[in-house]
Amino acid sequence: MDTINNHKSKILSFGEDLGEAMGQTLFDKIWDAHVVSSNEGFPDILYIDTHFIHEVTSPQAFDGLRTRGLPVFRPKQTVATADHNVPTIDQHLPIKEELSRYQVDMLTKNCKEFGIELYGLGHPFQGIVHVIGPELGITRPGGTYVCGDSHTSTHGAFGAIAFGIGTSQVEQVMATQCLLQSRPKRMKIEVNGKLQKGVGAKDIILYIISKTSAAGGTGYAVEYAGDTIRSLSMEGRMTICNMSIEMGARCGLIAPDDTTIEYVKGREFAPKGEEWDKAVAYWKTLYSDADAAFDEVLSFKAEDIEPMITYGTNPGMGIGVTQHVPETASFEAKEQGSYKKALDYMGLHDDEQLLGKPIDYVFIGSCTNSRIEDLRQVAEFVKGKHKADSVTVWVVPGSKQVQEQAIREGLDKIFDAAGFPLREPGCSACLGMNEDKIPAGKYCVSTSNRNFEGRQGPNSRTFLASPLTAAASAITGVVTDIRSFLSESELV
Amino acid sequence: MSTKIFKHIQTSVVPLPIENIDTDQIIPARFLKATTREGFGNNLFRDWRFDGDDNPKQEFVLNNPNYGGKILVAGKNFGCGSSREHAAWAIADYGFDAVVSSFFADIFKGNALNNGLLPVQVSEDFLKKIFDAVYADEHAVVEIDLVDQFIKIVATGEQETFEVNPYKKACMTNGYDDIDYILSKKELVEEFEEKR
């Protein structure tokens, strides 16, 4: 017996040694650095560095604090903005819609009462919550960020843990600066190789989700890696991480590198002086070790990715722009009903090609694609061109700062000349909550993140695509392959 | 602060055999402007339930008087999309105590658990059996027991066990709340902040 026990303990200790020697993923390094308490059978208590709040998912949480008689535990680590409900024209006037105005006013009142900084309408830092966090240098490598909004995954582009939470959890973070969370599994998605011309970050993520399905990432923290991802700008990386939730993932993240550090440097709330040097030294330790174990690894080739477009009613229903809509018969019997329902809603049929299909609206904006690079890329393309008469185009900057920058660079004039009016910042037509809605039955090529039924307004029909595909389609009036605008030399 | 207690229910069910039901279908964004948690049930599945003139669409299951009960049974990947807790509030406010599906989106599942609405994940096979049972007899009764973690089709006796996080199970069966739990560890949070 003794021998067996000795043998057993040897194996155990050998196993533990191995455990210690085993490398860690980027996700685990950040998670471990934020665990306040870990108890068997309980979710971890995870410390949250910054809590972003907005007008829609916070009022009930503030009410909860009042009922409990609690303050906001760390108001200085809470940042508020108004984005979902705001109009994107005439922002200097009172909000016309009564309930929207009430919700925005309520946020102002709550922030004042609980001592929270608010970048509300009229403030030079106002904008979509996932645009302003990074642009102000609040989002940094190694941090933990939450917000009552599923696209909080955007902030993971900096090598951070960032995810959306419900309102009960918003109240939890307000009350404690912590969140009870079980550690998700880890997935690595690698993209390697050279992208075709006209293909960008949005096409990469739509392609990935078309392969994983809208549920394929559920239960996972996804790290994006590979040389294609590495070659993207911070804004492209944000587009990728933003849509992690569209495959169901808890969050998405990309290891920080020089591109990340360069982006954060000098921003309003970025560390300065000695603190900066210390921060950078730490950020350089943030990567998945070569021998780190992932629960799942997926690999894709950049060369396989075409400009993408969705045809259905979830973001997993995407195809290359030249491909045809799948046939109902290609799905399992139990899935055919849901598939047919989606095609009926979209007014499409089996095997239809979207290329050349007339469209009514083009929306360039949302937390996925409303940053200055998106606007520059669109402006460069539309310069000297004009939209088709049949199409209404909205270009909505992600923040006041993006809007000001676009105007400083003269992009607004290019847009105006092309029939692409530049509006004021907000979530706009991404979610059919404010005044910007796509009318029933109309087709919109949209750079946003969701094509759910009614997402852009009751009975609206959404084709998700990149800013370039959206801009090209606005010019022609039909779903367009951006590559048809590129000269042969550009296509090489 | 205590939340709703859930231990056991036995009721007829409402079948909704559609996959990937997202939170925009459960409660469209234009109805998220309320600043309290009540009343969202009126707009549950709004655009599937009512036409543009607010007339009920007869073909939708919630408008079919033959179906009713405290359990909503839906296709896989239920609750995908937005983090809006209003989706869980709307389902609970309408009168459901549990949602059964073969797969749940992450954030929705957490939101439901935080509101005393039990998400019960079953196998594809068992989900089909429930649909078969309710389409054979619209009054078919399903039993869900959180304490012993099983779900049963009463008429046929077929049953399956389901998983639930032990901590969340304790919360739901006792009406405990996450904030109370973290507040009981507040000194650890302050220690953590000082050490950083």
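This report concerns the structure included in the present document. Since the model is a prediction, treat every value here as computed from it, not as a measurement.

Attention now goes to the overall build of chain A. Looking only at helices and strands, one finds 17 helices and 18 strands in chain A. Over its C-alpha trace chain A gives a radius of gyration of 23 Å, about what one expects of a compact globule, namely 23 Å for 492 residues. With the C-alpha coordinates of chain A rotated into their principal frame, the extents come out at 85 × 55 × 50 Å. Looking at the 492 residues of chain A, the share that counts as buried comes to 63%. A separation of at least 24 residues holds for 76% of the contacts in chain A among residues at least 6 apart in sequence.

Another point: the overall build of chain B. In terms of regular secondary structure, chain B is built from eight helices and seven strands. Here the C-alpha atoms of chain B give a radius of gyration of 18 Å, agreeing with the 16 Å that 2.2 N^0.38 yields for 196 residues. Every one of the 196 residues in chain B was classed for burial, and the buried ones make up 57%. The long-range share in chain B, meaning contacts at least 24 apart out of those at least 6 apart in sequence, stands at 66%. For chain B, the accessible surface area stands at approximately 8,000 Å², while carbon and sulfur atoms represent 48% of it. Positive and negative side-chain charges in chain B, numbering 21 and 32 respectively, have mean positions lying 2 Å apart.

Before going further, it helps to spend a moment on the nonpolar core. If you look at the biggest cluster of nonpolar residues, it comprises 109 residues, and the most contacted ones within it are F420(A), F45(B), F78(B) and I144(B). Core analysis: the second largest hydrophobic core is formed by 75 residues, W31(A), F62(A), C111(A) and A302(A) among them.

Quick look at the environment of T322(A) now. All names here are of chain A. For T322, the location among the structural elements is in the loop between β14 (318–320) and α12 (333–346). For T322 and I309, which are 13 residues apart along the polypeptide, the C-alpha to C-alpha distance reads 9.2 Å. Non-local contacts of T322, meaning those with residues more than four positions away in its chain, are made with E306, Q353, L355, D481 and R483. At 2.7 Å, the side chain of T322 forms a polar contact with the side chain of E306.

Turning our attention to the packing of aromatic side chains. All told, the structure shown has 28 aromatic pairs over all chains when counted by the stated rule. A ring pair is formed by F62(A) and F114(A), whose centres lie 5.1 Å apart and whose planes are at 40°; its orientation type is tilted. Here F62(A) is found in helix α3 (residues 59–68), whereas its partner F114(A) is found in helix α4 (residues 98–114), with 52 residues between them in sequence. We classify F62(A) as buried; its relative accessible area is 0%. Overall, F114(A) belongs to the buried group, its relative accessible area being 11%. Residues F104(B) and F108(B) carry aromatic rings whose centres are separated by 6.4 Å and whose planes lie at 10° to one another, so their mutual orientation is stacked. Residue F104(B) shares its accessibility class with F108(B), and that shared class is buried.

Take the pairing of strand β18 (residues 461–464) of chain A next. All names here are of chain A. Residues R461 and F463 line one face of β18 and the alternating positions T462 and L464 line the opposite face, and both faces are buried. Strand direction decides the pairing type here: strand β17 (residues 443–446) and β18, joined by four bridges, are parallel. Across the sheet, the residue bridging to S446 is L464, located in β18.

The next subject is the pattern of salt bridges. Going through the model one piece at a time under the given rule, you end up with 38 salt bridges over all chains. Taking the shortest distance from any N to any O, the salt bridge between R74(A) and E193(B) comes out at 2.7 Å. Separated into two different chains, R74(A) in the loop between α3 and β4 (78–81) and E193(B) in helix α8 (residues 186–195) make up a pair that spans both. Here E352(A) makes a salt bridge to K357(A), at a shortest N to O gap of 3.2 Å. Both residues of the pair, E352(A) and K357(A), count as buried. Salt bridges linked by common partners bring R68(A), E171(A), R37(B), E85(B), D177(B) and D180(B) together as one network.

Looking now at the interface of chain A and chain B. Facing 68 residues of chain A, the contacting portion of chain B comprises 56 residues. Roughly 4,900 Å² of surface becomes buried between chain A and chain B when both sides are summed, with 58% attributable to carbon and sulfur atoms. For the pair chain A and chain B, the number of links is ten salt bridges. For the pair chain A and chain B, the number of links is 26 residue pairs in polar contact (both at pLDDT 80 or more). Secondary-structure elements contributing two or more residues to the side of chain A that touches chain B are β1 (35–37), β2 (44–47), α3, α4, α6 (167–176), β8 (178–181) and α12 of chain A. Residues that form the side of chain A that touches chain B fall into these classes: 26 nonpolar, 28 polar and 14 charged.

Our next topic: unusual backbone geometry. All names here are of chain B. The phi dihedral of N20 is positive, around 55°, even though this residue is not glycine. On the secondary structure map, N20 appears in the loop between β1 (8–16) and α1 (23–26). Phi is positive for N77, close to 60°, though the residue is something other than glycine. Considering the arrangement of structural elements, one finds N77 in the loop between β2 (71–74) and α3 (86–94). On the accessibility criterion, N77 (1% relative accessible area) is buried.

Scoring rules and cut-offs
Residues numbered from 1 in each chain as written. Chains lettered and ligands numbered in written order. Predicted model: local features only at pLDDT ≥ 70, side-chain atom pairs only at ≥ 80, totals over all residues. Heavy atoms only, no water. Helix = DSSP H or I, 4+ residues; strand = E, 2+ residues; numbered from the N terminus. Rg over C-alpha atoms; globule rule 2.2 N^0.38 Å. Buried < 20%, exposed > 50% of the residue type's maximum accessible area, 1.4 Å probe, protein only. Contact = heavy atoms within 4.5 Å. Areas by Shrake-Rupley, 256 points an atom, 1.4 Å probe, with all protein chains shown as cover. Lys, Arg positive; Asp, Glu negative; His and termini not counted. Charge placed at Lys NZ, Arg CZ, Asp CG, Glu CD. Core = buried A, V, L, I, M, F, W, Y, C linked by side-chain atoms within 4.5 Å. Polar contact = N/O pair within 3.5 Å; in protein donor to acceptor, adjacent residues only side chain to side chain. Phe/Tyr/Trp six-rings, centres within 6.5 Å; stacked < 30°, edge-to-face > 60°. Pairing = 2+ DSSP bridges. Salt bridge = Lys/Arg side-chain N within 4 Å of Asp/Glu carboxyl O. Buried area = accessible area lost by both parts, 1.4 Å probe. Nonpolar A, V, L, I, M, F, W, Y, C, P; charged D, E, K, R; others polar.

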